[in-house]
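Close look at the chain arrangement
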Amino acid sequence: MSDIPANRVVITGLGAVSSIGLGASEFLSGLRSGRSAAKPITSFDTTGYDHANACEIEGFDARQWIKNLEVETLGRASQFSVTAARMAVEDASLADADLCSARCLISIGTTDGESRDLDHLVETEVRHGPERMDPVVTARVPAGRLSAAIAHEFGMTQVEAVTLPTACAAGNYAIGYGYDAVRAGEIDYALVGGADALCRKTFTGFYRLGTIAPELCQPFDIDRKGVLTGEGAGVLLLESLESALARGATIHAEVLGYGLNCDAYHPVAPNQDSIAQCMQLALDSAGVKPEEVDFISAHGTGTKANDVTEARAIRQVFGDRTPKTISIKSMIGHSMGAASALASIGCALALTEGFIPPTINHVETDPECNVDCVPNQAVEADLRVVQNNGLAFGGNNSVVIFGKYEADRI
């Protein structure tokens, strides 16, 4: 065992590409106001579907953010990923040269990679044959580009770039990976988070499972009808507290710990005991007692199975003193690999700004869920510790605990 003390890990940069706002400031405004991004899908032909709402990003132009790469060589998810990383680096007041000379980690989670491009390629092959498949689009497909493209954009030379495919828990997985590397002193900076673009494949998969809501996502509501798919990217810049203080960086929040597990219980059904175990692992890692958690950013998909199972798991860990439990998916839909990364940015903003985001579209809480989901209106709150849940198909679970930066925190 090393005698070198572990670093405290802080968040100094936030990059949010979301359907309720581009950049951390717009994302914050959307969270505070309870903005909804739900609307009819425009990115692919929805003929034949009984309903086809989602949470698409409008008005996104990667050229406003990507400085050193040819945007046409990147798929939409990679454009989101690089853009969010650029936002995070600028928010952290770092220059490209600072990253070039530093030891860095890039860890990006995803569910679909560039499945939007794969949709296009398959359609071309079916309609016109493989010889008509666009080689530029074909070259954009490898999921590793979601992280490697960030390294190329910043000209990093001392970097590990990994893409983690643990589905809807992947953003939190990526944050945990970066946390470990910074805490151990193996790297100077970590760019961590998740990215995914809306695609026909995933929308149709959820649709065939009968879990797509006709109009709105209503987590924890007695009349909830399912999920809305979404898209976007969230990237956080992590560094040691010592590094942040030395360069006078703004500290948004501190990563206190995390928990991961995989129960492999069922391809799509969540497992209560496993989710509860993952939350307890995260609390133990962070050295936080359940009663110290001020609110939980739930996975909160709005499906019948997830919301009841997650709420029961929360009560299993927290008992009768259940923290307020909200779902930002009510606003931005389920952005897949970006979901827990964007929710993590929401947690950091909530800690800094002193508020709890709402669960919108709420009418009546399901008694089987029995949580205070902060219905429809954000509430002001003095927050110290928040928990972010990320749960995925196949039983992949990830939970991260964030804390308000306090100089004397032990």
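What counts as what
- Every chain is numbered independently, its residues counted from 1 as its sequence is written.
- For a predicted model such as this one, the threshold for reporting local features is a pLDDT of at least 70, and the threshold for listing and counting side-chain atom pairs is 80 or more; totals across whole chains, interfaces and linings nevertheless cover every residue.
- Neither water nor hydrogens contribute to the side-chain values; these are computed over all heavy atoms in the structure.
- We count a stretch as a helix when DSSP gives it H or I for four or more residues in a row; a strand needs E for two or more, and each element gets its number in order from the N terminus.
- Between buried and exposed lies partly exposed: a residue is buried under 20% and exposed over 50% of the maximum accessible area for its type, with that area taken using a 1.4 Å probe on protein chains only.
- Angles run from 0 to 180 degrees between N-to-C directions of axes, and those axes are lines fitted to C-alpha atoms, restricted for helices to the stretch in contact.
- For classification, angles of less than 35 degrees are called roughly parallel, those exceeding 145 degrees roughly antiparallel, those between 65 and 115 degrees roughly perpendicular, and all remaining angles oblique.
- Crossing handedness: left-handed means the near helix sits turned counterclockwise from the far one by under a right angle, and right-handed means the same turn made clockwise.
- Any two residues having at least one pair of non-hydrogen atoms within 4.5 Å are treated as being in contact.
- Here the term charged refers only to Asp, Glu, Lys and Arg, the term nonpolar to Ala, Val, Leu, Ile, Met, Phe, Trp, Tyr, Cys and Pro, and the term polar to all other amino acids, Gly among them.
- We call two N or O atoms a polar contact when they sit within 3.5 Å, provided that within protein one can donate a hydrogen and the other can accept it, with sequence-adjacent residues counted only if both atoms are side-chain atoms.
- Domain delimitation follows an automatic or database domain assignment.
- Once two parts are brought into contact, the accessible area they lose, counted with a 1.4 Å probe and summed over both, makes up the buried area.
- Between Lys or Arg on one side and Asp or Glu on the other, a salt bridge is scored when a side-chain nitrogen of the former is within 4 Å of a carboxyl oxygen of the latter.
- Here, a strand pair is defined by DSSP locating no fewer than two bridges between the strands.

The residue Ala167 is not glycine, and still its phi comes out positive at about 55 degrees. Structurally, Ala167 is set in the loop between strand S6 (159–164) and helix H7 (170–183). On the basis of relative accessibility, which here comes to 17%, the residue Ala167 falls in the buried class. In this model, Met336 sits at a positive phi of 60 degrees, which is unusual for a non-glycine residue. Within the secondary structure layout, Met336 lies in the loop between helix H12 (329–332) and helix H13 (339–353). We classify Met336 as buried; its relative accessible area is 3%.

Moving on, we come to the packing of helix H10 (residues 272–286) against helix H11 (residues 304–318). Relative orientation of the contacting elements H10 and H11 amounts to 50 degrees, with a least axis distance of 8 Å. Comparing the axis directions of H10 and H11 gives the class oblique. For the crossing formed where H10 meets H11, the hand is right-handed. Residue-level contacts link Gln272, Asp273, Ile275, Ala276, Met279, Gln280 and Leu283 of H10 to Thr309, Arg312, Ala313, Ile314, Gln316, Val317 and Phe318 of H11. When the residues that make up the contact of H10 with H11 are grouped by side-chain class, the tally is 8 nonpolar, 4 polar and 2 charged.

A separate point is the environment of Gln158. With respect to the element layout, Gln158 can be found in the loop between helix H6 (145–154) and S6. What makes Gln158 partly exposed here is its relative accessible area of 40%. Sequence separation of Gln158 and Gly129 is 29 residues, and the distance between their C-alpha atoms is 42 Å. Residues contacting Gln158, with those up to four places away along its chain left out, are Cys100, Ser101, Ala102, Arg103 and Cys104. Here Ser101 takes part through its backbone oxygen, which lies 3.4 Å from a polar atom of the side chain of Gln158.

Attention shifts here to the side chain of Asn306. Position of Asn306 among the secondary structure elements: in helix H11. Other than its neighbours up to four places away in sequence, Asn306 contacts Pro270, His299, Gly300, Thr301 and Leu391.

Another point: the domain arrangement of the chain. Here the domain parsing of the chain yields domain 1 (9–246) and domain 2 (257–403). Centre-to-centre, using C-alpha coordinates, domain 1 lies 20 Å away from domain 2. Contact residues are listed per partner, giving 63 residues for domain 1 and 65 residues for domain 2. Across the domain 1 to domain 2 interface the summed buried area is about 4,800 Å²; carbon plus sulfur atoms make up 67%. Scanning the region where domain 1 abuts domain 2 turns up 3 salt bridges. For the salt bridge of Asp307 with Arg224, the shortest nitrogen-to-oxygen distance reads 3.5 Å. There are 29 residue pairs in polar contact (both at pLDDT 80 or more) connecting domain 1 and domain 2.

Another aspect to go through is the environment of Leu191. Positionally, Leu191 belongs in strand S7 (residues 189–196). The exposure class of Leu191 is buried, given its relative accessible area of 2%. Along the chain, Leu191 and Val379 lie 188 residues apart, while their C-alpha atoms are 30 Å from each other. With residues near it in sequence (within four places) discarded, Leu191 still touches Ala85, Ala88, Val89, Leu105, Ile106, Ser107, Ile108, Ile150, Met156, Val235, Leu236 and Leu237.

What follows concerns the pairing of strand S15 (residues 396–403). Of all 8 residues in S15, 8 are buried, a share of seventy percent or more. Residues Asn396, Ser398, Val400 and Phe402 of S15 are buried on one face, and the alternating residues Asn397, Val399, Ile401 and Gly403, pointing to the opposite face, are buried as well. Two elements, strand S14 (residues 385–391) and S15, share 7 bridges in a ladder whose sense is antiparallel. Residue Val386 lies in a different strand from S15, and its bridge partner there is Phe402. The turn linking S14 back onto S15 is made up of 4 residues, and Gly394 within it adopts a positive phi angle of 80 degrees.

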